[in-house]
Structures are given as structure tokens and as C-alpha cells.
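# Results of the structural survey
The chain contents come next:
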Amino acid sequence: MAPLVTDDDLKYTLSANSSIELGGGYELAVDQIDVKGKKANLVLKHDGNELNSSIVTTGDGMSGDWIFKTDVLNDKNVQVLRVHVKDVFQGTKDSIVEIEGLWLADYLNAFEVKSDEDYGKWEAYDVNSQRLSYVAKDISLSSGAVIDLGQNWSLKVQDGFEIPPAERDEDYEFNNRFYLFEEYTEPGKYELRSAVSFANRPVDRLGILNFYSFFNFPGFFYDLDKHLFTEFLLAIPDGTKFTDDLSSFAYVTTYVHTDYEYLPNDGLGEDQTLLNSWDSGYDVMGYFGELYVPFNIVDISGFHEHDATKLEKFAPLVIDSDDKHTLNKGGFIELGKGYTLHILDIDVEGNQAHLELQKDGTILNSSIVTTSSEPGGSNWIFKDKVLGTSDVQILRVHVENVFRGEKDDLVSIDGLWLTDYQNAVSIDQGDEVGLLEYHGVYGPDEIYIGPSSEQWLVFGLKNNLSLSDGMDLQIAENLNIRAESGTNGIPPSGPVSKMSLPSYYISDLRYYFYSIAEIEELGSGSGNNDNGSNNTSNGSNNTSSSDNDNTKGVEKEEGQPVGSSFNVLAALALAFFIALLILIIAYLYMRYRARKKAAEMGNPNMKS
């Protein structure tokens, strides 16, 4: 077998000495065109080297096809290329060849499957001319494991996989979770596809799923370790049409409560209240596949106020981590999305560290944190007024320790949490999101699709949406639909009537939903520099806040370092200054020598 390079019916109009990039290093070039003879000389190349060529004739009963067959892996006359030339004609300036049909196999990378060869954990089970079967045997699943099966396939196992039955939570049937995945690391855009559904088929007869969640759509948010999910899509067409009725098409999402990754578990006080605000957790919500935090309202001590949760205002989650970072003065942590946490100063004697939050080199807030062994101590909690809502938690940092190292004073940070509040979202009833309209917040008595929830954000179609063959349409945000018609399965050989075909052979209009995951080149991130508040406060559990409804930062004061980018610019400026100083000194020295020489020669016009 060989990888398929291309199979399309796109129309290409080319002149002589032009070509089509087919993929995999292959190209189809047009060498010469004979309009009178209705002929075109085509050349197949790979990495610039000619592989084969043919003169194709079209018109007058000629097929206009070039079918290139060659010997591959000791098999004779294997088809590797098929081209259909639709027409050859004289254009306004040049002779033109019109190609409408391309098919190519990467025969240069063909390979033979052998029954005595395994692929990773895949062992050959049944290899013959009709079927290839492989079995992965003796796979041991363990907590948090990522198991490479081979051929780019792996298994991801939840943390806490080996939970004894007595310790399982109420959702015990969802414990011991794992899933199969294929990993992509090359930069590019990749499609995350839902299960496929069919129009014009009774849903109950075939058991087709028209209800989408994390189970059958990987484009929706899901946390395997904590079993968190919030998004659901109902898509039941009336024939080949989705109506604007919520019973036909509805996207809904809600919130779930979760723990911070840094979890001290200081327990409960005498009045049965939590001792540490980190233990109070926060709410999360999937929104068209991305993870957001409904505005996390916290009190003066940083405890989450559940009753204040409102879903219609939310911000992307940047980081939630309990990784340990040990830094000296001037060090910083890349938090993501352009945010950085900087160490401005360390006072070992006072058990204090001066921290600063920046975004793209712009100061957003700072605080002096005093370490303490008391519950709730050693924290910096930055909250602000965002989109008209007060006491929104933006940043939470836990400073584990301040100490003197062998050379420098050091600070150890083991708890980080941040939302991208500068890109917060607010929606109101009637707002349009792509082809959808936001219907508002629904209560638990009005809608029930997934887990019990007090609030649901509900979206429906603005207008009816008809499915059609070849449809590829963006519905909203990163939610798309694709529809195709065709025959499913391998039809039986011999003449048969349509009535005698099983249902899975009948031509159907089928559709699925997908989102796009993009892997960017390293270092391609960007951010915004704008203006706003800058507050500094002291204490063992510092809460900095501002009543200004402004989510932006202030420009860095002149002379203060701004991480690695500042250091590079400072070094360049210093080098430029030194070079300029050397040039000035050399120039003055040359003028001095010239004047001295002129004076010695008695030049009256040269003054000393």
C-alpha cells in the first residue's frame, strides 16, 4: 500500500510551463500545449525530478485521461497517477489546458505489510489479501499514565485510576476513565470531529446520536482527571432542515465547581467553615470548546462566593498550577497569553517577596507578600472591577517560602491561578453569535440535558438551516458543520436493486460537527498594551483591588526592568552607545593629528 496524496475534482486552468502542487513533494507540470491537435504534454515531478510524462489528447471521442502505471514493490502495472484533461483551447494571450480530475498515490513511499512485523504494541493477528488485523496485548493501565501503542496512537489514563471501590464517589460508574488519542505536534490546523449523524433517517430505528457532548465530540471541553464537562448540543433535523426551534437545534452550557490545582486542605474550623480560601475552589465553564471562568467573586479573604456566580460574564482561564518555581530577584514566570509574574525584590529577614503581574511588559498590579504558616497565609489575591462587576478575582499566588540560597536570596512559589480578564466576555439576551442567537439564562426547571445545574446559557439558530451536499459552514465561534451525501459501505458485487440493498448501502445525507485545533509555531504569541490601575498592598494574605472599572495596565516606569525583552534592548542600547563613543574619540584623535601636522608644515589657515 501507499499513502494517498490527492483525489479531487477541482478545476485547474494552466498555461505552458506552469504546474500544480499535488502534495508530498509531487507536482504536475504542463510542458507544451498543442491547441490545433487538442494535445497537452504533462510531466509528473517529485522534488523537481521528472518521474514520467505523457501527451494527452482530448476531444473527438478521446478520453482526455493520463493513467500512469508502474512497477511498485515487485508488483507490475500499479496505477499511481490518474489525470483528466477536460479541454485544450486558445486563451486571450496563451494556450490553455483545463484539468478537472486528479488522483495520486505516493508510490515512492509505498510499503509492504508483513505478518511477522509488529508496530509498537500492535501485534499482527491476521494479515492477508483481504484483511489486516492487529491486537495490542497486555496493556497495564495506571494512574495518570500515557501509554504509547504505536503508529501515533496512545491511551490517556485519568489521575486516581486505581481507586478502591469503597473510596469511589457517587459517580462511581465514571471512575477508572481512559481514552484513545492520536497526537499531533507539527504546526498546523487540525479538525476535531463529532460522531456522524444522518438526515432522513428515523433516529430511534438506527440509534443515531443527534445529542452531542464530550462523549462523542472532542471539540467540547472535558477534564479527564476531574470528570468535568458543561457543553451539550442538540441537533435533530426535520428532514434535511434544522429549524429555529430549540427542540431542533440548541447549544447549551453551564458551570461546574472544581478545586484549584494547589490544594492545601487545611480542613474545617469549629464553625464548619473552610480555613483556607484555596480549598473553596472556583467555577469553570466550557464555551464553544474553550475553557472559561465565570467571574469568580471572592470576599476579602479570597473565599469563593458561590451565590454571586453569574454565567453571562466570564474570562478565559490562563493557568491553574501547583508546579513549584524557585526564583531569585529579577526572575519571572511565563504564565501564558502574554502574562508574566516578576520577582521585584526579596527580603529574607522579613519573610517577604515583592511580586508584580505584567502583560506584554506592562504593569498590571503588584504586591508585597509575607510568608506565614497560618491557614490562608502567604497569598497574593488580586481582584478588581471588571465589566461593571466588583471583587472579580483575577490572580491568585501562593508563596511557599523565602530563603537564602548559596548565592542569592530565593522565593519559592507553588500555587498559581490567573484569568485573562483583559479579554473578558459579556453576553446579553438577543446577542448574536455567528448563526446563533443567545436566548438567555434558563433555570433547572426549564432545561435538563446533563448534570444538575442552577443556570444554563441557551443558544438557538436565528433562522432555519438547510443541510445540503458539500456544505461546510461555520455556525458560531469554533463550531462548524459539514454535510455530504454518498453511499456507505462496500456495495455487493453483481446487479442488485435498490430495494434489496441493506440500509447502510443506501445513499444518505450525513453530517457532523467539528472544531479546529491549531498548533502554532513557537514564539508566535501576542498581546495588548493598554492603560489602567496599579496597586500595591502588604500582608500575609494580601488582597489587592481597585474600584476603577478598568481591566488594563499602566506603562512601565522608565528605568525599571521588564523581563528578558528589556535586558536584550538594554544590552543593544549599551553596545550602540559604546560604539558611538569609540567613533567620536577616533574622529577627535584624527582631527588632532591633522592639525598638528598642518602646524608643523606652517599652514597659516590651520589653527591649533
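Residues numbered from 1 in each chain as written. Predicted model: local features only at pLDDT ≥ 70, side-chain atom pairs only at ≥ 80, totals over all residues. Heavy atoms only, no water.

## Digging into the overall build of the chain
A tally of helices and strands in the chain yields 2 helices and 43 strands. Residue burial in the chain is summarised as follows: out of 608 residues, 38% are buried. Within the chain, residue pairs in contact and separated by at least 24 positions form 53% of the contacts whose partners lie at least 6 positions apart. Surface exposure of the chain reaches about 33,600 Å², of which carbon and sulfur atoms provide 48%. (Helix = DSSP H or I, 4+ residues; strand = E, 2+ residues; numbered from the N terminus. Buried < 20%, exposed > 50% of the residue type's maximum accessible area, 1.4 Å probe, protein only. Contact = heavy atoms within 4.5 Å. Areas by Shrake-Rupley, 256 points an atom, 1.4 Å probe, with all protein chains shown as cover.)

## What to know about the nonpolar core
Membership of the largest hydrophobic core comes to 34 residues, with the highest contact counts inside it found for Phe242, Phe249, Leu436, Phe459, Leu467 and Phe513. Looking at this core, the elements that each hand over two or more residues are strand 19 (231-235), strand 21 (249-253), strand 23 (282-287), strand 36 (436-442), strand 37 (456-461), strand 39 (471-476), strand 40 (479-486) and strand 41 (508-519). (Core = buried A, V, L, I, M, F, W, Y, C linked by side-chain atoms within 4.5 Å.)

## Considering the side chain of serine 194
For serine 194, the location among the structural elements is in the loop between strand 16 (188-193) and strand 17 (197-198). Among the residues examined, serine 194 registers a relative accessible area of 1% and is labelled buried. The contacts of serine 194, once residues within four sequence positions are left out, are Tyr212, Asn216, Phe217, Tyr512 and Phe513.

## With respect to unusual backbone geometry
For residues that are not glycine, phi is negative in most cases, and the peptide bond is trans in most cases. The backbone phi angle of asparagine 74 is positive, close to 70 degrees, even though this residue is not glycine. Take asparagine 74: its relative accessible area is 77%, and that puts it in the exposed class. A positive phi angle is found at leucine 387, which is not glycine, with a value near 50 degrees. Position of leucine 387 relative to the elements: it lies in the loop between strand 31 (379-386) and strand 32 (389-404).

## Looking at the packing of aromatic side chains
Within this structure, the stated rule accounts for 35 aromatic pairs. Above the face of the tyrosine 512 ring, arginine 193 is positioned so that its terminal group lies 5.5 Å from the ring centre. Of note, arginine 396 hangs over the ring of tryptophan 278, and the distance from its end group to the ring centre comes to 5.0 Å. (Phe/Tyr/Trp six-rings, centres within 6.5 Å; stacked < 30°, edge-to-face > 60°. Lys NZ or Arg CZ within 6 Å of the ring centre and 35° of its normal.)

## So, a negative patch on the surface
A cluster of acidic side chains, namely Asp75, Glu112, Asp116, Glu117 and Asp118, defines a negative patch on the protein surface. Relative to the helices and strands, glutamate 112 resides in the loop between strand 10 (95-105) and strand 11 (122-127). Judged by relative accessible area, glutamate 112 falls into the exposed class, the value being 51%. (Patch = residues over 30% accessible without salt bridge, like charges linked within 9 Å, V, L, I, M, F, W, Y side chains within 5 Å. Salt bridge = Lys/Arg side-chain N within 4 Å of Asp/Glu carboxyl O. Lys, Arg positive; Asp, Glu negative; His and termini not counted. Charge placed at Lys NZ, Arg CZ, Asp CG, Glu CD.)

## Here we look at the confidence of the model for the chain
Mean pLDDT over the chain: 84, with 82% of residues reaching 70 or higher. Throughout residues 524-540 the model reports pLDDT below 50, and contacts reaching past four residues in sequence, or to other chains, amount to 57 contacts. Counting interchain partners and residues more than four positions distant, the pLDDT-below-50 stretch residues 550-568 has 47 contacts. (pLDDT = per-residue confidence, 0-100.)

## Let's talk about the sheet that holds strand 21
Overall, antiparallel pairing links the 6 strands, which are arranged 18-19-21-37-36-35 in an open sheet. What marks the edges here is a single partner per strand, and that holds for strand 18 (211-212) and strand 35 (432-433). One ladder, built from 5 bridges, connects strand 19 with strand 21; its direction is antiparallel. Looking at strand 21, one finds that leucine 234 is bridged to alanine 250. (Pairing = 2+ DSSP bridges.)

## Considerations on the pairing of strand 30 (residues 362-370)
Within strand 30, 8 of the 9 residues are buried, leaving the element largely enclosed by the surrounding structure. One ladder, built from 8 bridges, connects strand 29 (residues 352-359) with strand 30; its direction is antiparallel. By the bridge assignment, lysine 359 is partnered in strand 30 with threonine 362.

## Describing the pattern of salt bridges
With the rule as written, the count across this model stands at 15 salt bridges. Taking the shortest distance from any N to any O, the salt bridge between lysine 462 and glutamate 432 comes out at 3.2 Å. With lysine 462 in the loop between strand 37 and strand 38 (465-466) and glutamate 432 in strand 35, this pair connects stretches of sequence that are 30 residues apart. Through salt bridges with shared partners, one network takes in Glu191, Asp472 and Arg482.

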